[in-house]
Amino acid sequence: MAVKLPYDMEEEILSRVPWKSLAKFRGVCKLWNSLILEERLNKKNLSFHMHSYSGEHRFILTDDGPNISAVGIEEQKNVVDPLSLTVQDFTLIKVRPYGPIKVYKTVHCGGLLLCVMDNQLLVRNPLLKETSWIKCGSDFHERDDAYSLGYLSHCDYRILRFRCANNSRNRPSRVEVCDVASKTWKVIDNISFDWFLSVPLSILSLRGTPYCIGLREDHTAFVQSYDFARERFQPIDDMPFRYDEMNPIALEIYKGDRLSVLEQCHKTRKICIWVKHWLMLTSWTKLLVVDIPEFPLLYPRPSLLSMNYFFNKTDRLVITFNDTGMKGLSIIRVINDKEFQVIKANESQVGFPFLCSYVPSFVRLAGFSKQDTSRIRWRKRRFN
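Now for a look at the structure at hand. (Residues numbered from 1 in each chain as written. Predicted model: local features only at pLDDT ≥ 70, side-chain atom pairs only at ≥ 80, totals over all residues. Heavy atoms only, no water.)

**Structural notes on the overall build of the chain**
Helix and strand content of the chain: 4 helices and 27 strands. The burial tally for the chain puts 53% of its 384 residues in the buried class. For the chain, long-range pairs separated by at least 24 residues make up 52% of all intrachain contacts whose partners lie at least 6 apart in sequence. Total accessible area on the chain is roughly 19000 Å²; 50% of this is exposed by carbon and sulfur atoms. (Helix = DSSP H or I, 4+ residues; strand = E, 2+ residues; numbered from the N terminus. Buried < 20%, exposed > 50% of the residue type's maximum accessible area, 1.4 Å probe, protein only. Contact = heavy atoms within 4.5 Å. Areas by Shrake-Rupley, 256 points an atom, 1.4 Å probe, with all protein chains shown as cover.)

Structure representation (structure tokens):
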């Protein structure tokens, strides 16, 4: 006999299901397909998997050519066993003329990826295979221009593109915002820069707001944000450590609602990680210290190499970085206060690599509000 669950209960159950299973459940019935693609369930699902890590974390690797790869890390039952990696090819291919498209960097926001090219941008959801091409100005420089993807609401996505006054070609500072739905750009005036970006660029999006590491003229470091509603930059807080340009640093999201910053001493190799809630006016809290003398240097400073990190479902630190000695992507998992594992992800040499974190989701792009169910094979639900 069929058992009909309340709509809210079905939504709550599906919000806790990993995206791989949700993708299969879309073919169960039209009701479930509509429910899975709803904005409210997507927000719940993404929030749940960000707060309680369930193996959905990916790293997007963009090299100096057209290659884009999504590297997934699968944990083993025995913690001492080596990590298992899954690699997906996200390379963009032109149909006419046929060939790969060169992507300089990728930016992630809630399951969507922003791919940066010479004079155009691509917002895509690799899980749903939805894309939106956006034209931009030709005055582009891969190292000077910073990009971020965010939103005012989950249906109102924006692209932030800016250039600080302190850049490699002494070009004037500039701030632009693009409405993804209408694909229109707006130049934001009356913004003065008394700061510049740290290198490598650490820009992320937390709950739709872009955050980055900024440096003042006296070389003090702080967290900078951009408010899409007020159209202005807003400093958040100074770093909880004294900035040293030789020390590797990175900015990340911790459990979906907190900012996290990592610093490694280039002399002792000691790593410290602090966290801070994005909304509450609280100070930084030291979360973890890794003091292993044999720990590798995450990247030599000054360098354009980037790194990312996260905590897995057993709260162990996992770091990905581009190893100049091994010439490729390396992944480190800290087992305890004395042991760590290193695994090599790819063998190719990269010239100007860029890394970003990626968590798949069913967030839909503007312009794809109507569901295309013609290619979905529906399965009848059977109840015993």
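**Points about the nonpolar core**
Judged by nonpolar contacts, the single largest core of 53 residues is most densely connected at F162, L298 and I319. Contacts of F162, omitting those with residues within four sequence positions, involve D144, D145, A146, R174, V175, F193, W195, L197, I203, C212 and F233. Core analysis: the second largest hydrophobic core is formed by 18 residues, C136, L149, V180 and V363 among them. (Core = buried A, V, L, I, M, F, W, Y, C linked by side-chain atoms within 4.5 Å.)

**A closer look at unusual backbone geometry**
Most peptide bonds take the trans configuration, and most residues that are not glycine carry a negative phi. Phi angles above zero are rare outside glycine, and H219 is one such case at about 65 degrees. Within the secondary structure, H219 is located in the loop between strand 16 (209-216) and strand 17 (221-227). Phi is positive for R269, close to 70 degrees, though the residue is something other than glycine. In this fold, R269 is placed in the loop between strand 20 (258-264) and strand 21 (271-277).

**Looking at the pairing of strand 12 (residues 174-179)**
Within strand 12, 5 of the 6 residues are buried, which leaves it mostly tucked inside the rest of the structure. In this sheet, strand 12 lies alongside strand 11 (residues 156-163) in antiparallel orientation, the contact comprising 6 bridges. Counterpart to F162 in the pairing with strand 12 is V175. Examined bridge by bridge, strand 12 and strand 13 (residues 184-187) share 4 bridges and lie antiparallel to one another. In the sheet register, C178 faces strand 13, and the bridge partner there is W185. Two successive antiparallel strands, strand 12 and strand 13, enclose a turn made up of 4 residues, where K183 displays a positive phi of approximately 60 degrees. (Pairing = 2+ DSSP bridges.)

**Section: the sheet that holds strand 21**
The strands that make up a sheet are held in pairs by hydrogen bonds between backbone atoms, and each pair lies either parallel or antiparallel. The strand order across the open sheet built from 4 strands is 19-20-21-22, with neighbouring strands paired in antiparallel fashion. Edge strands, defined here as strands with exactly one partner in the open sheet, are strand 19 (249-254) and strand 22 (285-290). Direction aside, neighbouring strands of the sheet carry axes that sit 20 degrees apart on average. Bridge analysis of strand 21 against strand 22 gives 5 bridges, and the strand direction is antiparallel. Bridge pairing in strand 22 links W274 to K286. (Axes fitted to C-alpha atoms, helices over the stretch in contact; angles between N-to-C directions.)

**Here's the deal with the environment of M307**
In this structure, M307 sits in strand 23 (residues 307-311). Sequence separation between M307 and S202 is 105 residues; the distance between their C-alpha atoms is 8.8 Å. The residues touching M307, leaving out its near neighbours within four places in the chain, are P248, I249, A250, L262, L298, Y299, I319, T320, F321 and L355.

**Let's talk about the packing of aromatic side chains**
Applying the stated criterion to the full structure yields 13 aromatic pairs. Ring centres of F162 and W195 lie 6.2 Å apart, and the angle between their planes is 55 degrees; on these two criteria the pair is classed as tilted. Highlighted residues: F162 in strand 11 and W195 in strand 14 (residues 195-197), separated in sequence by 33 residues. Comparing F162 with W195 shows no difference in burial state: the two are buried. Look at Y226 and F233: their rings are 5.0 Å apart centre to centre, the planes differ by 70 degrees, and that puts the pair in the edge-to-face class. Each member of the pair, Y226 as well as F233, carries the same accessibility label: buried. (Phe/Tyr/Trp six-rings, centres within 6.5 Å; stacked < 30°, edge-to-face > 60°.)

**Remarks on helix 1 (residues 7-15)**
Within helix 1, the full set of buried residues consists of E10, E11, L14 and S15. All buried residues of helix 1 project into a common sector of 130 degrees when viewed along the axis, lining one side. (Arc of directions from axis to C-beta.)

**Examining the environment of L22**
Position of L22 among the secondary structure elements: in helix 2 (residues 19-25). As for L22 and F362, which are separated by 340 residues in sequence, their C-alpha atoms are 8.9 Å apart.

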